[in-house]
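This is what each chain is made of:
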Amino acid sequence: MASWWSGNQLRLIQNNLRETDANLDVDLLISDLKKLSTNVMMMNAGGIVAFYPTRLEYHYRAANQHKDLLKEAIDKAHAADMRFIARFDFSKAHESLFNKRPEWFYRTKAGKEVNYHGIVHTCINGYYQREYSLQLINEVISQYEVDGIFFNMFGYQTRDYSGYDYGICFCDNCRTRFREWSGLELPETQSLDDPVFRRYKVFQDVTTKEMLERIHDLVTSTGKDIAISTYNEHKVDIVRKESNTDNRRPHPLWLYSASENVKSLEDSWEDKLISNCCINAIDLVHRFTAVSKHEMSICLRESLASGSGLDFCIIGVFEDYPDRENLPIVAEIFKYHKDHEAYYGSFLSAADVALIKPGGPAPKSMKEYSGLFKMLKEQHIVFDVIHQNNLLNRRDSLQGYKAVIIPDIAEFSEEGLQLLETLYQEGVQLISTGCSFTEGAANLSFMQRVFDLLPGQAQVYERDAAYLKTADKGLFKSFPERDWIFLKGTFQELEFGQQTLPQLPFVIPSTFGPPERASGHLISDKSYGASIRTDNLVSGGKNSLRRAVYLPWQAGELYYRYGYADHKHIVLDILDNMLDQRWRLTTNAPSNVEVFFNKLDDQTYILHVLNLSGFNGMTYSEPLPVYRLEITLHDIGHCSQLTSLTEQVEAIYATSNGKIVIQLPELQEFAAIVVKIEETPKEIEE
């Protein structure tokens, strides 16, 4: 029998309770949640504070609580036809526990505990998290009819709520376990250049997964239909992610937070559900002031259109919450999902391209991946995100893509390399950026076999006048009048094999100042910014071309950080050439309109269009109407019916010559359109 969450149709509201909420009015809260079309309620159960009459000695109960809040909330949620997820946080505990059992807690390198306003940091390798937390979980799931359990801040936590980083834990438990596991002492630095720290990151990954396995075994042993949820994918049913903001976070602001959070899970794991929590607060410090309602609208709608249910969180309860401006838009979008949930929860891929998300215990900077994600979104290329951590389990689906993009991933497992090579041999095009495949003998061998390249010396250009020349105007069609594009960051020199065609000649840096000395640049005949290997592929009696393209610099990161369109157009021109411009979807929509296209079944597709024009790079405001949008769907059959799920959105279509042309005379904020295809296509006059 399918689990209750397998339909992927959560409309979850999390009330992140304060200790002062221990005697809250449950009836009023349930009434507020019903107004928001909630079908899953999440509320604190235990960990830092127990919101029920715990019998365990080392579990601090909320002060002055005079009722069993947990039981009342569960019973009344179920009576209101809502599921209930109990929230735990074992990353910290009340200082009264520290006074009794100091050996269970985190220690700085100097041996000090971290006491943050009476709440003390624990350690995942200490007895409290490794053993006693299982008793806390068991007490709740054995005595209360919870439908799920969620763990906040699971794993290794080194920062307090003010953002101060105390470094890795040096408690006796960490010292002993790491020494037994690795034969090494704890690392002295937190640099990925330190091999001991890299080993420690693997240790963190192993021990975190081990704890999740123990929780999974405990929960499944009950025989109850209880979902496990946290921010890790291992042995978890509902993977939680967050679209949140923080005023200390460096720019640029990330417009695609919800889309990326959902796609990187939903496209990669078939046996897990993503719940992307849209945090109402502007940051952890200012919990009682909300982000713009326009930002909240984008986050919720991106989640929905990318394949997730809905998830929203506030601190405390609604009755005394001081910022209610976003609640109407939350209610509107939640109600839309409730009214149309039959179309949601089971999206299938209609993508041309797969973008691999870097994984492993210690991935490099995600900026290269994020920049490529942004390029594809702005160009309206239909793509999926396949997480490196689950790459091998997506073997069959990867064969269906026209191209796979590898964003600066230096190392794959031998099994991962074999999979990528098989895909290439079967005709899937590969495009790699940065310093991919440059760590370890197996990766270097793959680079030579598939791309016909070997890496040379890596140079870093920061304050150097380095450029790449767009010499081949037939390939780089976006550059009829611009011959040089600027280069910054790491540039990997290459040794080219006989099967490669070098492109983008390197313009050797020269003096750039004073103006009188801004001259002397030479064009290299050895260093290039792109390599293209082209092979003939014979399949089914037909000849076609397959290409393996390597860009030894970080086009994605440059676009993410600086936003110059040159770096985007280099990648897009190459993709256009690789795929001979054979895209599933094309449109005249501007880049600040986000387009989502998925399959529901063999005869049904769903199209979402989201207006992002209210975002100016810093502030979210009312989007401007976009007029005369046209979206063309290629080679999916003949349309028999077009249904708009959004009110006041007019959509008309015409179909001929294998194309369905959908026109939206005006887009205000959001459109959702269901496209039905004839089972037996027949010629339809335009």
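Residues numbered from 1 in each chain as written. Predicted model: local features only at pLDDT ≥ 70, side-chain atom pairs only at ≥ 80, totals over all residues. Heavy atoms only, no water.

Student: I would appreciate a short explanation of the pairing of strand E28 (residues 652-656) in the present structure.
Tutor: Note that E28 and strand E29 (residues 659-667) share five bridges and pair antiparallel. Bridging from a neighbouring strand, Ser656 pairs with Lys659 of E29. Hairpin connection between E28 and E29: a loop of two residues separates the two successive antiparallel strands, and Asn657 in this loop has a positive phi of roughly 50°. (Pairing = 2+ DSSP bridges. Helix = DSSP H or I, 4+ residues; strand = E, 2+ residues; numbered from the N terminus.)

Student: Explanation requested: the sheet that holds strand E11 (residues 310-315) in the structure shown.
Tutor: What links the strands of a sheet is backbone hydrogen bonding, and the strands pair in either a parallel or an antiparallel sense. Overall, parallel pairing links the eight strands, which are arranged E1-E2-E3-E7-E8-E9-E10-E11 in a closed barrel. On average, adjacent strands in this sheet sit at an angle of 30° to one another, irrespective of strand direction. Pairing of strand E10 (residues 273-279) with E11 involves two bridges; the strand directions are parallel. Considered in E11, the bridge of Ile279 is made with Cys313. (Axes fitted to C-alpha atoms, helices over the stretch in contact; angles between N-to-C directions.)

Student: Would you mind going over the environment of Arg582 with me for this structure?
Tutor: Relative to the elements of secondary structure, Arg582 occurs in the loop between helix H15 (565-578) and strand E23 (585-587). Considered as a pair, Arg582 and Leu284 are 298 residues apart in the sequence and their alpha carbons are 46 Å apart. Aside from chain neighbours lying at most four places away, what touches Arg582 is Asp352 and Lys402. (Contact = heavy atoms within 4.5 Å.)

Student: How should I be thinking about the side chain of Thr632 in this particular structure?
Tutor: The residue Thr632 is located in strand E26 (residues 626-634) in this model. With a relative accessible area of 10%, Thr632 lands in the buried category. Not counting the four nearest positions on each side in its chain, Thr632 is found in contact with Arg584, Leu585, Thr586, Lys659, Ile660 and Val661. (Buried < 20%, exposed > 50% of the residue type's maximum accessible area, 1.4 Å probe, protein only.)

Student: Even after reading the chapter, I still don't get the nonpolar core, so can you show me in this structure?
Tutor: Nonpolar side chains tend to gather and get buried jointly when the protein is soluble and globular. Within the largest apolar cluster, 155 residues are counted, with the highest numbers of intra-cluster contacts made by Met41, Phe84, Val146, Ile149, Trp553 and Leu575. The element contributing the most residues to this core is helix H6 (residues 195-221), with eight residues. (Core = buried A, V, L, I, M, F, W, Y, C linked by side-chain atoms within 4.5 Å.)

Student: Would you explain the sheet that holds strand E25 (residues 604-611) in this entry?
Tutor: Strand order in this open sheet of four strands is E24-E25-E30-E27, and the pairing throughout is antiparallel. Sheet topology places strand E24 (593-601) and strand E27 (639-644) at the edges, where each strand pairs with a single neighbour. On average, adjacent strands in this sheet sit at an angle of 20° to one another, irrespective of strand direction.

Student: What am I meant to see in the environment of Val114 here?
Tutor: Note that Val114 resides in the loop between helix H3 (95-100) and strand E5 (115-116). C-alpha of Val114 to C-alpha of Asp160: the two residues are 46 residues apart in sequence and 8.0 Å apart in space. With sequence-adjacent residues up to four places away left out, Val114 is seen in contact with Tyr106, Thr108, Ile119, Val120, His121 and Tyr166.

Student: How should the pairing of strand E9 (residues 238-243) be read in this particular structure?
Tutor: Every other side chain in a regular strand lies on the same face of the sheet, so the side chains alternate between the two faces. Among the six residues that make up E9, five are buried, leaving the element largely enclosed by the rest of the structure. Bridging between strand E8 (residues 227-230) and E9 involves two bridges; their strand directions are parallel. By the bridge assignment for E9, Ser229 is matched with Ile238. Pairing analysis gives six bridges linking E9 to E10, with the strands arranged parallel. Residue Val239 lies in a different strand from E10, and its bridge partner there is Ile274. As a crossover connection, the stretch from E9 through helix H7 (residues 257-266) into E10 is right-handed. (Right-handed = clockwise from strand over helix to strand, strands pointing away.)

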